[in-house]
Amino acid sequence: KDLSTKELWSNTYQPTQKKFAVDETIFSQGHVEFRRVNNDFETKTDIVVSPEDDISIRRIKITNRSNVSKALEVTGYTEIVLAPQAADEAHPAFSNLFVQTRISEKAKSILCTRRARSKNEQPPWMFFMMDLTGAEKEEVSYESDRMRFIGRTRSLASPLAVAKDGPLSGTDGSVLDPVAAIKYKITLKPRQTATFEIITGITDTEEKCTHLIDKYDDLHIKNRAFELSWTHSQVLLRQINASESEAQLFNSM
């Protein structure tokens, strides 16, 4: 959100559904790219899934194309399930009651797990992490309660916590409807680019979860995930004896 004009947009068409002058989506093997340009900003998103770990990375670059400095609030958001799809579709409200969240400001992340229903059950652990490079962070805040984030009668096209200025509430623990949201406040000078990396991962223990958070706090490891994703897709194409153009054709079919 541009704090001077209050204009709100998303890095892809959903969920704000704002139309931009330039709106491009490029699918390639192991990689998706979204590029959006309006009057003052260019927003470019690269998405990969790591072949090594159960994580996905969204690298979002926001460039100030105007001739004046711009104050921005940038919010990352995801909804938490941590259950088989059938269980979530059958009883979403009941299923959500078992999810617990914990904010880790030091790790710039929100950790989530599910209360075990029996002694032998090993519930999964998930993390939602948001990192910033290329600009100074002025304020970071967190939220894990969907009702507080979206607000009554509102939708993700304009959530209350994003529409209003200021930090998120910092709610965590056991909430009725769990989400993970992190908001950064930054200032971009003319032609300056800020890079946000949103990393979502899942493991079977808390120790492995914190290990992944530490691992992907390193820029070189994040870059390696992008390179490995491309390499892995090329190896796969070679194994099935397909060219890049054939793969594009198969995907479109």
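The present account deals with the structure reproduced in this document. (Residues numbered from 1 in each chain as written. Predicted model: local features only at pLDDT ≥ 70, side-chain atom pairs only at ≥ 80, totals over all residues. Heavy atoms only, no water.)

**A few points about the pattern of salt bridges**
Turning to step 1, where the next piece is worked out: Enumeration according to the criterion identifies 22 salt bridges in this entry.
Turning to step 2, where the next piece is worked out: With a closest N to O distance of 2.4 Å, Asp165 and Lys6 form a salt bridge. Here Asp165 is found in the loop between helix 4 (160–163) and strand 10 (173–174), whereas its partner Lys6 is found in the segment before strand 1 (22–28), with 159 residues between them in sequence.
Turning to step 3, where the next piece is worked out: You can call Lys6 partly exposed: its relative accessible area is 43%. (Salt bridge = Lys/Arg side-chain N within 4 Å of Asp/Glu carboxyl O. Helix = DSSP H or I, 4+ residues; strand = E, 2+ residues; numbered from the N terminus. Buried < 20%, exposed > 50% of the residue type's maximum accessible area, 1.4 Å probe, protein only.)

**Some thoughts on the layout of surface pockets**
Turning to step 1, where the next piece is worked out: Taken as a whole, the largest pocket holds about 760 Å³ of empty space.
Turning to step 2, where the next piece is worked out: Together, 31 residues line the largest pocket, and Ser10, Asn11, Thr75, Gly76 and Tyr77 are the ones closest to its centre.
Turning to step 3, where the next piece is worked out: In terms of residue count, the dominant contributor to the lining of the largest pocket is strand 5 (residues 70–79) (7 residues).
Turning to step 4, where the next piece is worked out: A class-by-class count of the residues in the lining of the largest pocket yields 18 nonpolar, 10 polar and 3 charged. (1 Å grid on protein atoms, 1.4 Å probe; cavity = no way out; pocket = protein on both sides within 12 Å on 5 of 7 lines; lining within 4 Å. Points joined across faces, edges and corners; volume = space filled by probe spheres on them. Nonpolar A, V, L, I, M, F, W, Y, C, P; charged D, E, K, R; others polar.)

**Remarks on helix 5 (residues 206–215)**
Turning to step 1, where the next piece is worked out: Among the residues of helix 5, Cys209, Leu212 and Ile213 are the ones counted as buried. Buried residues along helix 5 cover an arc of 100° about the axis, so they all sit on one side. Every exposed residue of helix 5 that faces more than 90 degrees away from the buried side is listed here: Glu207, His211 and Asp214.
Turning to step 2, where the next piece is worked out: Close packing links the buried residues of helix 5 with strand 4 (55–64), strand 7 (109–114), strand 8 (125–133) and strand 12 (193–203). (Arc of directions from axis to C-beta. Contact = heavy atoms within 4.5 Å.)

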